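Below, each chain spelled out in residue letters.
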Amino acid sequence: MTEHPAGQTPQIRNIVVIGSGAMGRQIGMVAAVAGFSTTVQDVSEDAVRNAEQDMRTWLDGRVAKGRMDQPAADAAWANLEFTTGLEQAAATADLVVEAATERLDVKRSIFTRLDGLTPEHTILATNSSTYGSSAVADATNRPDRVCNMHFFNPALVMKCVEVVRHGQTSDATVDAVMAVAQAMGKEPVLLNKEIPGFVANRLMGAIRAEALELLDGGVASLEDIDTAAKTALGHPMGPFELMDLVGLDVTYLIRQAHYDETGDEAEKPQRLLEEKYRAGEFGRKTGKGWYSYD
Ligand code: 3HC
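Quick caveat, the model's predicted, so the values are computed rather than measured.

**Student:** Residue-level account of the overall build of the protein, with values.
**Tutor:** Counting secondary structure elements, the protein contains 12 helices and eight strands. In terms of overall dimensions, the protein has C-alpha extents of about 60 × 50 × 35 Å along its principal axes. In the protein, which comprises 294 residues, the proportion classed as buried is 46%. Once local pairs closer than 6 in sequence are excluded, the contacts in the protein between residues at least 24 apart make up 65%. Total accessible area computed for the protein in this model is approximately 13900 Å², and 51% of it derives from carbon and sulfur atoms. Taking the average location of the 28 positive side-chain charges in the protein and that of its 42 negative ones, the two points are 2 Å from each other.

Given below as structure tokens:
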């Protein structure tokens, strides 16, 4: 990308995704399929190889299922690189999407590092659902080019991307990130101000809270609560199945962060959720959460 005059929407060609976990690898693949030259970076060689293998399997599966033709799969794969190195990819990045662990100290140090490694025009976005980007923007010298670009799990499937601007995010940054999300085949929604949980997780959190209360009160089994959500409300998954998909650790930590921020007892992680978290039963990723997985 060439430098853009102030106020103009920059053209994004090269995307770097930081973090190769469940979200990072799929965001990288979404970008590569959409034609962006994409690098997924992680600190661990094992994590990077695992993500690469998983995404290769996904791509082969698309072809085998007839959802994608071989040339399109080959083109996507050619667009995608997995690496532990950051410097080279950062030097030509137009947009970075940080999808690292949900720890603010880690994110802040990543943003400071990215600020030094990327060209001046590069937009630095965070996929965080816990932290508004103002929490990392002041770790850079470019707060106007920082925002949230929040994907949903599984990112290869879910259409929503929440673009959240903080007080200093420029219009050009918002326009560019919305345009990238659209080019990825997503339906981005724009939040004009930061609020804990953004929009979708706030809606989901209300349902989850009620589900946990119903279970804790012995009103119905978790299986039946899930069934009701699917058969009465038309949700693709029940709230307990969804927590297992997203991760009970992620769910717990988001809630804990809101509680820390607001001090509101109503925001405190629910007893049953806390028990699961303390037991290390995080859902699909650990083989056990509300349900057991092979
Ligand atoms: N990765 C990639 N693709 C996946 C996938 C995964 N983990 N799981 C399912 N898919 C694909 C399948 O390959 C299939 O694709 P195809 O139709 O093109 O062949 C398609 O999704 C449908 O899959 P299935 O037929 O196997 O199963 P379902 O119809 O039940 O769909 C689901 C699975 C898409 C996960 C659906 O159950 C769903 O939409 N669930 C709700 C997910 C949700 O609410 N996500 C938001 C979580 S909140 C979040 O992420 C925010 C964060 O901040 C916490």
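**Student:** Tell me about the pairing of strand E1 (residues 14-18), residues and numbers included.
**Tutor:** Among the five residues that make up E1, four are buried, leaving the element largely enclosed by the rest of the structure. The pairing of E1 with strand E2 (residues 37-41) spans five bridges and is parallel. The residue of E2 that forms the bridge with Ile15 is Thr38. With helix H1 (residues 22-33) bridging E1 and the parallel E2, this β-α-β connection has right-handed handedness.

**Student:** Lay out unusual backbone geometry with the relevant residues and their values.
**Tutor:** Residue Pro154 is bonded to the preceding Asn153 through a cis peptide linkage, with omega at 0°. For Pro154, the location among the structural elements is in the loop between strand E6 (146-151) and strand E7 (160-164). Within the chain, Phe198 stands out as a residue other than glycine whose phi angle is a positive 55°. By the element assignment, Phe198 lies in the loop between strand E8 (187-191) and helix H8 (200-216).

**Student:** If you had to explain the packing of aromatic side chains to someone new, which residues and values would you point to?
**Tutor:** For any pair of aromatic rings, geometry is given as the distance between the ring centres together with the angle between the planes. Under the defined criterion, the tally for this structure stands at four aromatic pairs. Taking 6.3 Å as the distance between ring centres and 40° as the angle between the ring planes, the aromatic pair formed by Trp77 and Phe82 counts as tilted. Centroid distance Tyr277 to Phe282: 5.7 Å. Interplanar angle 20°. Geometry classified as stacked. The structure contains a cluster of three or more aromatic residues connected by ring pairs, namely Tyr252, Tyr277 and Phe282. Here the guanidinium or amino end of Arg56 rests over the ring plane of Trp77, the centre of that ring lying 4.7 Å away.

**Student:** Before we move on, could you go through the packing of helix H9 (residues 222-231) against helix H10 (residues 239-246) and cite the residues and values that matter?
**Tutor:** Two elements in contact, H9 and H10, have axes whose closest approach is 7 Å; the angle formed by their N-to-C orientations is 100°. On the basis of the axis angle, H9 is roughly perpendicular to H10. Of H10, the residues touching H9 (which contributes Leu222, Ile225, Asp226, Ala229 and Lys230) are Pro239, Phe240 and Glu241. The residue makeup of the contact of H9 with H10, split by class, is five nonpolar, no polar and three charged.

**Student:** Run through helix H2 (residues 45-64), naming residues and quoting values.
**Tutor:** Think of an α-helix as 3.6 residues a turn; residues three or four steps apart then line up on the same face. Between the first and last C-alpha of H2 there are 28 Å, a value that for 20 residues agrees with the 28 Å anticipated at 1.5 Å per step. Burial in H2 covers these residues: Val48, Ala51, Met55 and Leu59. End-on view of H2: buried residues confined to an arc of 70°, all on one side of the axis. Seen from the open side of H2, the exposed residues pointing more than 90 degrees away from its buried face are Asp46, Gln53, Thr57 and Ala64.

Conventions we followed
- Residues numbered from 1 in each chain as written.
- Predicted model: local features only at pLDDT ≥ 70, side-chain atom pairs only at ≥ 80, totals over all residues.
- Heavy atoms only, no water.
- Helix = DSSP H or I, 4+ residues; strand = E, 2+ residues; numbered from the N terminus.
- Buried < 20%, exposed > 50% of the residue type's maximum accessible area, 1.4 Å probe, protein only.
- Contact = heavy atoms within 4.5 Å.
- Areas by Shrake-Rupley, 256 points an atom, 1.4 Å probe, with all protein chains shown as cover.
- Lys, Arg positive; Asp, Glu negative; His and termini not counted.
- Charge placed at Lys NZ, Arg CZ, Asp CG, Glu CD.
- Pairing = 2+ DSSP bridges.
- Right-handed = clockwise from strand over helix to strand, strands pointing away.
- Phe/Tyr/Trp six-rings, centres within 6.5 Å; stacked < 30°, edge-to-face > 60°.
- Lys NZ or Arg CZ within 6 Å of the ring centre and 35° of its normal.
- Axes fitted to C-alpha atoms, helices over the stretch in contact; angles between N-to-C directions.
- Parallel < 35°, antiparallel > 145°, perpendicular 65-115°, else oblique.
- Nonpolar A, V, L, I, M, F, W, Y, C, P; charged D, E, K, R; others polar.
- Expected span 1.5 Å × (residues − 1).
- Arc of directions from axis to C-beta.

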